[in-house]
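# Structure at a glance
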Amino acid sequence: MSTKRIVLLSILFIVVACRAGKSDSDAKPAQYRNLFTEAGYSQEAIQQKIESVFNHLFYGDKETEAVYYEAGENENGKLAYIYDVNNRDVRSEGMSYGMMIAVQLDKKEIFDALWNWSKTYMYHGNPQHPAYGYFAWSLKPTGEMNDEMPAPDGEEYYATALYFASARWGSNGEGIYQYTKEADELTSQLRNRKPIVGMVSGRRITGLNLFDAEHAMVRFTPDSVHAAHTDASYHLPAFYEVWAQKGPEADREFWAKAATVSRDYFEKAAHPRTGLTSDYGNFDGTAWASPWRPVSATFSYDAWRTVMNWSMDWNWWKKDPKAVERSNRILNFFLSEGIDTYGNQYALDGTKLAGGRPVGLVACNATAALAANIPEAAGFVKALWECKPPTGTYRYYDSMLMMMALLHCSGEFKAYL
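So, a few notes on the structure that sits alongside this text. (Residues numbered from 1 in each chain as written. Predicted model: local features only at pLDDT ≥ 70, side-chain atom pairs only at ≥ 80, totals over all residues. Heavy atoms only, no water.)

## Considering the side chain of Arg219
Rules: Runs of H or I in DSSP of at least four residues are treated as helices and runs of E of at least two as strands, each being numbered from the N terminus. For each residue, the accessible area found with a 1.4 Å probe, counting protein chains only, is set against the maximum for its type, and the residue is called buried under 20%, exposed over 50%, and partly exposed in between. Two N or O atoms form a polar contact when they lie within 3.5 Å of each other; inside protein one atom must be a possible hydrogen donor and the other a possible acceptor, and for residues adjacent in sequence the pair counts only when both atoms belong to side chains. Whether two residues are in contact is decided by their heavy atoms, any of which lying within 4.5 Å being enough.
Turning to its location among the elements, Arg219 is positioned in the loop between strand S9 (217–218) and strand S10 (229–230). In this structure Arg219 comes out as buried when scored by relative accessible area, which is 8%. There is a polar contact of 2.8 Å between the side chain of Arg219 and the backbone oxygen of Asn209. Excluding residues within four positions of it along the chain, Arg219 makes contact with Pro152, Leu208, Asn209, Leu210, Phe211, Asp212, Ala227, His229, Thr230 and Tyr234.

## Focus: the environment of Met199
As for its position among the elements, Met199 is in strand S6 (residues 196–200). Expressed as a C-alpha distance, the spacing of Met199 and Tyr123, which sit 76 residues apart in the sequence, is 17 Å. Ignoring sequence-local partners within four residues, the contact set of Met199 consists of His129, Pro130 and Arg204.

## Remarks on unusual backbone geometry
The residue Asp106 is not glycine, and still its phi comes out positive at about 65°. Tracing the sequence through the fold places Asp106 in the loop between helix H4 (92–104) and helix H5 (108–122). Exposure remark for Asp106: the relative accessible area of 44% places this residue in the partly exposed category. The phi angle at Ala216 is positive, at roughly 50°, despite the residue not being glycine.

## Looking at helix H8 (residues 237–246)
Most of H8 sits out of view: 9 of its 10 residues are buried. For H8, the full list of buried residues reads Pro237, Ala238, Phe239, Tyr240, Glu241, Val242, Trp243, Ala244 and Gln245.

## Section: the packing of helix H6 (residues 152–169) against H8
Inclusion rule: Geometry is summarised by axes, namely lines fitted to C-alpha atoms with helices restricted to the contacting stretch, and by angles between N-to-C directions that run from 0 to 180 degrees. Should an angle fall under 35 degrees it is taken as roughly parallel, and over 145 as roughly antiparallel, whereas 65 to 115 is taken as roughly perpendicular and any remaining angle as oblique. For any helix crossing, the convention is left-handed if the near helix is rotated counterclockwise from the far helix by under a right angle, and right-handed if that rotation is clockwise.
Two elements in contact, H6 and H8, have axes whose closest approach is 10 Å; the angle formed by their N-to-C orientations is 50°. Comparing their axes, H8 and H6 come out oblique. Relative to H8, the crossing made by H6 is left-handed. Within the contact between the two elements, H6 uses Glu156, Tyr157, Ala159, Thr160, Tyr163 and Phe164 and H8 uses Phe239, Tyr240, Val242, Trp243 and Lys246.

## Section: the sheet that holds strand S2 (residues 77–84)
Quick reminder of the rule: Pairing between strands is defined by DSSP: at least two bridges between them are needed.
The sheet built from 5 strands is open, its strands ordered S1-S2-S3-S4-S5 with antiparallel pairing. At either margin of the open sheet sits one strand with a lone partner, and together these are strand S1 (68–74) and strand S5 (145–147). Of the pairings in the sheet, the one linking S1 to S2 comprises 5 bridges and is antiparallel in character. Bridging across to S2, Tyr68 finds its partner in Ile82. Sitting on the sheet, H4 touches S2 and strand S3 (89–91), and the angle it makes with S3 is about 60°. This element, helix H14 (residues 395–409), spans S1, S2 and S3 of the sheet and lies at about 110° to S2.

## Description of the pattern of salt bridges
Heads up, the rule is: We define a salt bridge as a contact between a side-chain nitrogen of Lys or Arg and a carboxyl oxygen of Asp or Glu at a distance within 4 Å.
As enumerated under the stated definition, the model contains 23 salt bridges in all. The partner of Arg305 in a salt bridge is Asp302, with the nearest N and O atoms 3.5 Å apart. A residue is classified by how much of its surface remains accessible, and Arg305, at 2% relative accessible area, is buried. It is possible to trace a salt-bridge network through shared partners that takes in Glu267, Asp320, Glu325, Arg326 and Arg329.

See below:
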């Protein structure tokens, strides 16, 4: 046998051996489905649709269309925020959604401007503050905090968007633009941060980490008074799989476990007939009616997103076969309500509590088709395609969900590793 042949065979053996030893947490996402091409739309039309809606939200009329606002510069560069027009505030939810949209569409300047505003105004850098290491969830556009405590979905989207930014653009920037470093620090805080007692809005509280260690589950809030609760729409196993590969090595086993736990949680939380989940929940999957918002025990605005979370996870990782039946279940429920006439708030058993079919819910239901295998799922994709980008007072939430759903359904919402 020639020396050259021996070398080639040796290389082949090493490659095969490495692949055989590859852990499940090193898996790459499966092929991303393009639900629009499956429905018969051309790739050119799909790209035009995405660009049109993006331009509407980021560069449209500031009074009626846009939710993205430039806000000058500081020593780190340009600043910008995503504005909730109805509530007149800037939310960590919207800021992190905006960053995720920007990294998916390769819009680095927008990504950096949103991240700069987030770190400048929303981030708690004081080690004595109960929310140290997190982002205040609601601020005025001036940067003044309305509520100092975090909403964990913001942190989850921030961290994952930062990892994707590092993969797309590199992590050799300076200061806050060292994307991997920033993401590692944030995910480490989510799991490992120690309790901190301090004053928040005149009230003495104990701030905890954002993930309950015993349950390996995201909390509704790190405030110890309500920390033993969760929110189904905050469960993002697709992201935890990313952290299990790209996050600090000491925490990777925990994130892999958290992904499995969240998949099990979806099945517990989803009603056995309707597939609906509540806005807020207990760790055992039962609904939680919070003292200040009893409607949180029903399917309402937060819960719209839950189906998007489990469907994205199935589309990327194919580790939760129950997601298929669960997506079929919830779509069959909305079919029974009328695909053009269903409401936006329900008791979990399907009793309608409020009418109207908002764009945000249409968008989330369309993403269910990433996992569903019933022919009728295509109708929900078509319903999203036919939506016009929202305008007016309530455009923020609907707009952000619509933009992300367009990326999901076109196969353009990807895990950049």
